[in-house]
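As a plain string of letters, each chain reads:
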Amino acid sequence: MEEVNQTVVSEFILLGLCDTWELQAFLLLVFPLLYLITILGNNFTVLLIISDLHLHSPMYFLLANLSFIDFCLSTVITPKMITDFLKEHKTISFGGCMCQIFFGHFLGGSEMVLLVLMAYDRYVAICKPLHYSSIMNKQMCIWLVMTSWITGFVHSISQLAIIIKLPFCGPRELDSFFCDIPLVIKLACMDTYILEKLINADSGVLATTCFTLLLISYTYILLTVCHQSKDGASKALSTCTAHITVVVLFFGPCIFIYLCPLGITWVDKFLAVFYAVITPLLNPAIYTLRNKEIKIAIKRL
Ligand SMILES: *[C@@H]1O[C@H](CO)[C@@H](O)[C@H](O)[C@H]1NC(C)=O
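Given the structure is predicted, the values throughout are model-derived calculations rather than measurements.

Q: How should the state of the cysteines be read in this particular structure?
A: Disulfides are covalent bonds that link the sulfur atoms of two cysteine residues. Across all of its chains, the model carries two disulfides by this definition. Between the sulfur atoms of cysteine 97 and its disulfide partner cysteine 179 the distance amounts to 2.0 Å. On the S-S bond that ties cysteine 97 to cysteine 179, the torsion sits near -110°, and the link is left-handed. Of this pair, cysteine 97 sits in helix H3 (residues 94-127) while cysteine 179 sits in the loop between strand S3 (173-174) and helix H6 (181-184), and the two are 82 residues apart along the sequence. No difference in accessibility class separates cysteine 97 from cysteine 179, as the two residues are buried. Here cysteine 169 is linked by a disulfide to cysteine 189, with a sulfur-sulfur distance of 1.8 Å. Disulfide cysteine 169 to cysteine 189: torsion about the S-S bond roughly -130°, handedness left-handed. Pair noted here: cysteine 169 is in the loop between helix H5 (138-164) and S3 and cysteine 189 is in the loop between H6 and helix H7 (193-226), with a separation of 20 residues, a long-range link.

Structure follows, in structure tokens:
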């Protein structure tokens, strides 16, 4: 093999979310507030569910896990983005960049699987109500949650294994506010066409499998609900609309970032903000504000 004298890139330059000072100053006011609400909302949900015995059921345990993941996911990206608003030269170390990629995909992958599990839980509750407590027992619940974490980990570590070995030598500018695979891979000093396809396939298989499973469970649920009495149907529908909203909010941006990237910088940035800042904020809001039992639990508190 040819020996090339490579200068190793030790940090990347982030171009940030926007380039005007006025807009950055405005976002510097807005994002800390959004982040604060995200932390409080998600942690409150977790604590409420753990502390209230009436909420000790599989659906709420899964919801608590979702809130925990959302809290972690926004912590991987938002604080760094906020402190970067204050700096003119925004940089991220190579290690920091790999960490963001690893945790972003680990948590994102786990969340995807968790959404499927939440749909499965509702499927069993609505379509097989008599068997619910025997199917979704404590053991099963722990096992399901473990599956989601393990899948996220395998997905993330397989992507990282590809990225971390790439030769980075020259260009180091990322036109974004955090490190993510589609941008970082373009900086490698080699032809990455096949690797890009491999990574797309990795994310694609996971996302498509999850999405298909979600579609199947919600179709079953909706079909079952249609044949039920009006009262039961409306209750089941209201729970499921919350779930489906979250699924759309989560998968929508993912599809356009990883599966069919549009390649328009501002759209990509908008989707990334949506995915990293807005979705983790909306999830607890959607569940808690729409859920009677959670509202009652808050009153009890
Ligand atoms: C996640 O789910 C498991 C299994 O039901 C539960 O024991 C655990 O408390 C949940 N974790 C969080 C952070 O809510």
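Now, onward.
Q: Any chance you could explain helix H1 (residues 21-51) here in plain terms?
A: Three- or four-residue spacings in an α-helix give side chains the same orientation, since the helix completes a turn every 3.6 residues. Spanning 31 residues, H1 covers 45 Å between terminal C-alpha atoms, matching the ideal 45 Å at 1.5 Å per step. At leucine 27, H1 shows its largest kink, close to 25°. For H1, every residue scored as buried is listed here: Gln24, Leu27, Phe31, Leu34, Tyr35, Thr38, Asn42, Thr45, Val46, Leu48 and Ile49. Residues of H1 that are buried sit in contact with helix H2 (58-85), strand S2 (90-93), helix H9 (265-290) and helix H10 (292-300).

Q: I tried to follow the site of the ligand on my own but got confused; where do I start?
A: Taken together, Phe61, Ala64, Asn65, Lys138, Cys141, Ile142 and Val145 make up all the residues around the ligand. Within the side chain of asparagine 65, one N or O atom sits 2.3 Å away from an oxygen atom of the ligand. Relative to its unbound accessible area of 360 Å², the ligand is 76% covered by the protein chains. For the shell around the ligand, the secondary-structure elements that each account for two or more residues are H2 and H5. The element that contributes the greatest number of residues to the shell around the ligand is H5, accounting for four residues. The class makeup of the residues in the shell around the ligand is five nonpolar, one polar and one charged.

Q: Even after reading the chapter, I still don't get the environment of threonine 38, so can you show me in this structure?
A: Take threonine 38: it is sitting in helix H1. Among the residues examined, threonine 38 registers a relative accessible area of 1% and is labelled buried. Placed 22 residues apart in sequence, threonine 38 and glycine 16 show a C-alpha to C-alpha distance of 21 Å. Apart from the residues within four sequence positions on either side, threonine 38 is in contact with Ser74, Val277, Pro280 and Leu281.

Q: Just to check I follow, could you spell out the packing of H3 against H7 for this structure?
A: Angle between the axes and distance between the axes: these two values describe a pair of packed helices. It is the contact of H3 with H7, at a shortest axis distance of 9 Å, that shows an interaxial angle of 20°. The angle between H3 and H7 places the two elements in the roughly parallel class. Once H3 is placed against H7, the crossing between them reads as left-handed. For the pair H3 and H7, the contacting residues are His105, Gly109, Met112, Val113, Leu115, Val116, Ala119, Arg122, Tyr123, Ile126 and Cys127 in the first and Ser203, Leu206, Ala207, Cys210, Leu213, Leu214, Ser217, Tyr218, Tyr220, Ile221, Thr224 and Val225 in the second. Here the contact of H3 with H7 is built from residues that sort into 17 nonpolar, five polar and one charged.

Basis of the calculations
Residues numbered from 1 in each chain as written. Predicted model: local features only at pLDDT ≥ 70, side-chain atom pairs only at ≥ 80, totals over all residues. Heavy atoms only, no water. Disulfide = S-S within 2.5 Å. Helix = DSSP H or I, 4+ residues; strand = E, 2+ residues; numbered from the N terminus. Buried < 20%, exposed > 50% of the residue type's maximum accessible area, 1.4 Å probe, protein only. Expected span 1.5 Å × (residues − 1). Bend = angle between axes of the 7 residues up to and from the residue. Contact = heavy atoms within 4.5 Å. Near = heavy atom within 4 Å. Polar contact = N/O pair within 3.5 Å; in protein donor to acceptor, adjacent residues only side chain to side chain. Areas by Shrake-Rupley, 256 points an atom, 1.4 Å probe, with all protein chains shown as cover. Nonpolar A, V, L, I, M, F, W, Y, C, P; charged D, E, K, R; others polar. Axes fitted to C-alpha atoms, helices over the stretch in contact; angles between N-to-C directions. Parallel < 35°, antiparallel > 145°, perpendicular 65-115°, else oblique. Left-handed = near helix turned anticlockwise from the far one by under 90°.

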